[in-house]
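Listed here are the chains, written in short residue letters.
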Amino acid sequence: MKLWLLDNGSIVIEHTQLMWNVPGPQVRIPSYAVLIEHDDGLYLFDTGFDLEHTNAVLPFELPEQTPEQTIPAQLRMCGFEPADVGTLVNSHLHFDHVGGNKHLTSSKVVLHERELAQARDHEPFEFFGYSDKTWDHEGARFEPVSGDLELAAGLWLFETPGHTVGHYSLLVKPESGMRPMLFAFDVVYTQPALEKSIQPGFHVDPRAGVRSIARIKELAEQHGADVYFSHDMDAWQTYKHAPDFYEL
């Protein structure tokens, strides 16, 4: 397998959202997607945010995204076109994870069945999180799933709800070579949040979120995996960014 981290730009959030109810200065955080070239096809995990939508609906997030940081441009940087992505997996359906879905009109979309229902009929306090509805376009081919499952050999989805009702984390587990990679997108935003078991904002069930943080720790220990954080700028600077890639 080859794995690319697609840089989608960055947004700004309040520290109280980054580390729930812990005061501090605003923080600029990265947004990215995970592209995996597998024997069974090309897989994409999340698609970042859409600049036009974020500027229109969440301008306080102060989004920064160049034309080179859009999903189509990032895919081309790796030698692919949007139509090459056979399977798109959404960890959940918040705006900064679905912004590029609209470009992947030929992809099968795998997501948790509870997340699909919740995003279409969400709670009032989830308005901003689910504000980008372009993922629900005409012709979208959804494959709702539930429970833990092996998506393809070495690609595991684990239920980690709390941040949203139907959240999935991705474990990429090679047969040999480098250590497994565990993408706990928004279960915890940062390394300090993992260490302190702090669930980030936009959550729907904080207690379930804390249990999911514990599960991420258990999965990392069980599989000898490194945890990759969705919104940790310090960690992001140490990761390889496309067109550089990980070979597993």
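Our structure's up above, just so we're on the same page.
Here is what the cut-offs are and how they apply
- Residues numbered from 1 in each chain as written.
- Predicted model: local features only at pLDDT ≥ 70, side-chain atom pairs only at ≥ 80, totals over all residues.
- Heavy atoms only, no water.
- Helix = DSSP H or I, 4+ residues; strand = E, 2+ residues; numbered from the N terminus.
- Rg over C-alpha atoms; globule rule 2.2 N^0.38 Å.
- Buried < 20%, exposed > 50% of the residue type's maximum accessible area, 1.4 Å probe, protein only.
- Contact = heavy atoms within 4.5 Å.
- Phe/Tyr/Trp six-rings, centres within 6.5 Å; stacked < 30°, edge-to-face > 60°.
- 1 Å grid on protein atoms, 1.4 Å probe; cavity = no way out; pocket = protein on both sides within 12 Å on 5 of 7 lines; lining within 4 Å.
- Points joined across faces, edges and corners; volume = space filled by probe spheres on them.

Draft legend 1. How the structure looks around the overall build of the protein. When you go through the protein residue by residue, the secondary structure sums to eight helices and 12 strands. For the protein, whose C-alpha radius of gyration is 16 Å, the value lies close to the compact-globule estimate of 18 Å for 248 residues. In terms of overall dimensions, the protein has C-alpha extents of about 45 × 40 × 35 Å along its principal axes. Out of the 248 residues in the protein, the part that is buried amounts to 56%. Across the protein, every contact between residues at least 6 apart in sequence was considered, and the portion connecting residues at least 24 apart equals 67%.

Draft legend 2. Representation of the packing of aromatic side chains within the structure. In this structure the tally under the stated criterion is 15 aromatic pairs. Considering the side-chain rings of W4 and F245, the 5.7 Å spacing of their centres and the 50 degrees angle between planes classify their relative orientation as tilted. Placement of W4 in strand β1 (residues 2-13) and of F245 in the loop between α8 (233-236) and β12 (246-247) is noted, with a sequence separation of 241 residues between them. When its relative accessible area of 5% is taken as the criterion, W4 is described as buried. Residue F245 is classed as partly exposed on the basis of its relative accessible area, which comes to 26%.

Draft legend 3. Structural detail: empty space enclosed by the protein. Across all of its chains, the model carries three cavities of 30 Å³ or more by this definition. Put simply, the second largest cavity is a space of about 50 Å³. Listing elements by their share of the lining of the second largest cavity, those giving two or more residues are β2 (27-38) and β3 (41-45). Tallying contributions element by element places β3 first for the lining of the second largest cavity, with three residues.

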